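Descriptive structure summary
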Amino acid sequence: MVVTPADQSIRVVIIDDSLLVRNIISDQIKKESRIQVIATGKTGVDCIELATKLRPDIVILDVEMPVMDGLSALQELQKRKLGIPVMMLSVLTQHGADATFKALEYGAIDFVPKPSSSNQFNPEEIGTVLKNRILAYFDSLRPSHAGLDPRKIVDTVKSKIFKDEKKTVEAVCIGTSTGGPKALQTVFSDFPENFHLPIFVVQHMPVGFTKAFASRLNDHSKITVKEAEDGEEVRPGTGYVAPGDAHLKIESKAGRKWIALGREALVNGHRPSVEVLFDSAIREYGSALVGVIMTGMGKDGAAATLRMRETGASTVAQDEDSSVIFGMNRQAIEMGGVQFVEPVSAITSRILSILKERGN
């Protein structure tokens, strides 16, 4: 992967079988001076040929196309080891969701939903999302962390003693965004069958994808994982994924914990928001928590991670090398809210180690 200098254009190839979609996306993202659309194509075959010939900085690739679909094209790009990041365009259907998660497993860095009908197509909205994600991805590759040394910051945080930090853990909360689906699959696949705590997850993801995503996590996990439902009782050994466009909170009633979903205002630009979940968990569980903040652009959940740590909860962040975008987790580390920094492959083992240390 070649990191483009800040003053150099990011060269993009767009592949979609719809001429209208290609033109709309091209026109919209070219409004950003740092982005240059160098070619477009309509099939997976075009994708392979253009990527091989032009070596763009990134490919925007439709999932469903004739001749060769996006999944096949993505796999072929990976076989050729071109090192070109790919962002998928996915329609809001069950089939589209399943294909999207396969694409993320195959190495796509992210996906952006697009309406299945051109009548629902909002050019500026999809253009803004694509521009922001492309820029965030390339900005995250540059050494711009202003001398950040996560190890020194974490050593300082670990040296602080909080009054209730040895309290038995009652729940785990996880927040993530770009790069999260694949990372969460790794984390959940490592939990043992006898894991007895509830796990609450906010993954920034639009309506229409979270239920399929929860089902996919469930298929790869030894514990039950489901999309959270409003009013359901929290059960041990179960993972709850916040639905798209709904904040996930925990409430107590009659000595039991319950799921509460709401459509209050966006927080940090998101609904669901990691911040909302983490703050809710702090209110309900206090220090009896493990909070995990993972890959993703922006700052959602960073301040709440610090608040969680200040109550005596244990906190873990995904490290830079295993993150698609070192953003939310970087912010949490810089703010001093992170106790442990781990590669994604070691996050679950760290959680289990914390539980053992805290008497679970």
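The residue numbers shown here count from 1 along each chain, following its written sequence. Totals for whole chains, interfaces and linings use all residues, but because this is a predicted model, local features are given only for residues with pLDDT of at least 70 and pairs of side-chain atoms are given and counted only at 80 or more. In computing side-chain properties, one takes all heavy atoms of the structure into account and sets aside hydrogens as well as water.

1. Quick notes on the sheet that holds strand β5 (residues 110-114)
Here, any two strands with at least 2 DSSP bridges between them count as paired. In DSSP terms, a helix is any run of H or I states spanning at least four residues, a strand is any run of E spanning at least two, and both are numbered starting from the N terminus. Ordered by their spatial adjacency, five strands build an open sheet running β2-β1-β3-β4-β5, and the pairing between neighbours is parallel. Strands with a single pairing partner mark the edges of an open sheet, and in this sheet they are β2 (35-41) and β5. Along the sheet, successive strands turn relative to each other by an average axial angle of 25°, direction set aside. In this structure, strand β4 (residues 86-91) lies alongside β5, joined through five bridges in parallel fashion. From the neighbouring strand, valine 91 faces β5, where its bridge partner is lysine 114. Comment: axis = line fitted to C-alpha atoms, over the contacting stretch for helices; angle = value between 0 and 180 degrees taken between N-to-C directions.

2. Structural notes on empty space enclosed by the protein
Grid spacing is 1 Å over the protein atoms alone, the probe is 1.4 Å, and a cavity is where that probe fits but cannot get out, while a pocket is an open set with protein on both sides within 12 Å along at least five of seven lines and lining residues have an atom within 4 Å of a point. Grid points are joined across faces, edges and corners, and a volume is the space filled by probe spheres set on the points. With the rule as written, the count across this model stands at one cavity of 30 Å³ or more. Considered as a void within the structure, the largest cavity measures approximately 50 Å³ in volume. Lining the largest cavity are Phe101, Leu104, Glu105, Pro181, Lys182, Gln185, Phe213 and Arg216. Classification convention: Asp, Glu, Lys, Arg as charged; Ala, Val, Leu, Ile, Met, Phe, Trp, Tyr, Cys, Pro as nonpolar; all other residues, Gly among them, as polar. Across the lining of the largest cavity, the residue classes break down as four nonpolar, one polar and three charged.

3. Remarks on the packing of aromatic side chains
The pairing test for Phe, Tyr and Trp rings, Trp by its six-membered ring, is centres within 6.5 Å, and the orientation test on the planes gives stacked under 30 degrees, edge-to-face over 60, and tilted for anything in between. Tallied over the entire structure, the rule returns nine aromatic pairs. Their ring planes at 85° and their centres at 6.5 Å tell us that phenylalanine 101 and phenylalanine 111 sit as a pair that is edge-to-face. Within this pair, whereas phenylalanine 101 is found in helix α4 (residues 94-106), its partner phenylalanine 111 is found in strand β5, the two being separated by ten residues in sequence. Chaining the aromatic ring pairs together yields one cluster made of Phe101, Phe111, Phe209 and Phe213.

4. Considerations on the pairing of β2
Two strands pair when backbone bridges link them, and strand β1 (residues 10-15) and β2 are joined in this way by six bridges, in the parallel orientation. Bridge assignment links isoleucine 15 to a residue of β2, and that residue is glycine 41. Place the viewer so that the strands point away; then a crossover is right-handed whenever the path from the first strand over the helix to the second strand goes clockwise. Once you follow β1 into helix α1 (residues 19-29) and on to β2, the crossover reads as right-handed.

5. Observations concerning the pattern of salt bridges
Throughout this description, the term salt bridge denotes a Lys or Arg side-chain nitrogen within 4 Å of a carboxyl oxygen of Asp or Glu. In this structure the tally under the stated criterion is 16 salt bridges. With a closest N to O distance of 2.9 Å, glutamate 229 and lysine 226 form a salt bridge. We call a residue buried when its accessible area falls under 20% of the maximum for its residue type, exposed when it is over 50%, and partly exposed in between, using a 1.4 Å probe and counting protein chains only. The class of lysine 226 is partly exposed, set by a relative accessible area of 22%. Lysine 226 serves as the salt-bridge partner of glutamate 232, at 2.9 Å between the closest nitrogen and oxygen. Exposure remark for glutamate 232: the relative accessible area of 17% places this residue in the buried category. One continuous salt-bridge network, built from bridges that share partners, spans Asp16, Asp62 and Lys114.

6. Quick notes on the pairing of strand β7 (residues 199-203)
Across the five residues of β7, five count as buried, placing the element largely inside the fold. Alternating residues of β7 divide into Ile199, Val201 and Gln203 and Phe200 and Val202, and every residue in both groups is buried. Pairing of strand β6 (residues 171-176) with β7 involves five bridges; the strand directions are parallel. When the sheet's bridge partners are listed, valine 172 is paired in β7 with isoleucine 199. Regarding topology, helix α7 (residues 180-189) serves as the crossover connection from β6 to the parallel β7, and that connection is right-handed. By the bridge criterion, three bridges tie β7 to strand β9 (residues 238-241) in an arrangement that is parallel. By the bridge assignment for β9, valine 201 is matched with valine 241.

7. Details of the layout of surface pockets
Volume-wise, the second largest pocket comes out at about 230 Å³. In this structure, the second largest pocket is lined by 13 residues; those nearest its centre are Leu104, Gly179, Lys182, Ala183 and Val324. Sorting elements by how many residues they give to the lining of the second largest pocket places α7 first, with four residues. Considering only residue class, the lining of the second largest pocket consists of seven nonpolar, five polar and one charged. These domain boundaries are the output of an automatic or database domain assignment. Shared between two domains, the lining of the second largest pocket takes at least three residues from each, and those domains are domain 1 (10-141) and domain 2 (150-358).

8. Topic: the nonpolar core
Put simply, a nonpolar core is a bunch of buried Ala, Val, Leu, Ile, Met, Phe, Trp, Tyr and Cys residues held in one set by side-chain atoms that sit within 4.5 Å of each other. In terms of nonpolar packing, the biggest core is built from 57 residues, with Leu61, Ile174 and Phe188 touching the most fellow members. Here the element with the most residues in this core is α4; it accounts for five residues. Per-domain counts for this core show at least three residues from each of domain 1 (10-141) and domain 2 (150-358). Residue contacts are defined here by distance: any two heavy atoms, one from each residue, within 4.5 Å place the two residues in contact. Leave out the neighbours within four places in its chain, and phenylalanine 188 touches Ile174, Ile199, Val201, Leu217, Ser221, Ile223, Val225 and Gly239. One finds Ile250, Val274, Ile282 and Tyr285 within the second-largest nonpolar core, a separate group that totals 29 residues.

9. Let's talk about the UniProt feature "modified residue: 4-aspartylphosphate" (unreviewed entry) in the protein
UniProt positions are given in the numbering used here, feature names are shortened, and annotations may be inferred rather than shown by experiment. Within this numbering scheme, the UniProt entry marks Asp62 as carrying the feature "modified residue: 4-aspartylphosphate" (unreviewed entry). Looking at where aspartate 62 falls in the secondary structure, it is placed in strand β3 (residues 58-62). Once residues within four sequence positions are removed from consideration, aspartate 62 is found in contact with Ile15, Asp16, Asp17, Gly70, Met88, Leu89 and Lys114.

10. Describing the sheet that holds strand β8 (residues 224-227)
Consider a sheet: its strands pair through backbone hydrogen bonds, and that pairing is either parallel or antiparallel. Here seven strands make up an open sheet; going across it, the order is β8-β9-β7-β6-β12-β13-β14 and the pairing parallel. Among the strands making up the open sheet, the edge pair consists of β8 and β14 (340-342). Averaged over all neighbouring strand pairs, the angle between strand axes comes to 20°, with direction disregarded. Summarising the sheet, strand β13 (residues 314-318) and β14 pair through three bridges and their orientation is parallel. From the neighbouring strand, alanine 317 faces β14, where its bridge partner is valine 341. Along the sheet face, helix α9 (residues 274-285) touches β6, β7 and β12 (289-293) and points at about 165° away from the line of β6. Contacts from helix α12 (residues 347-357) reach β6, β12, β13 and β14 within the one sheet, and its direction differs from that of β12 by about 160°.

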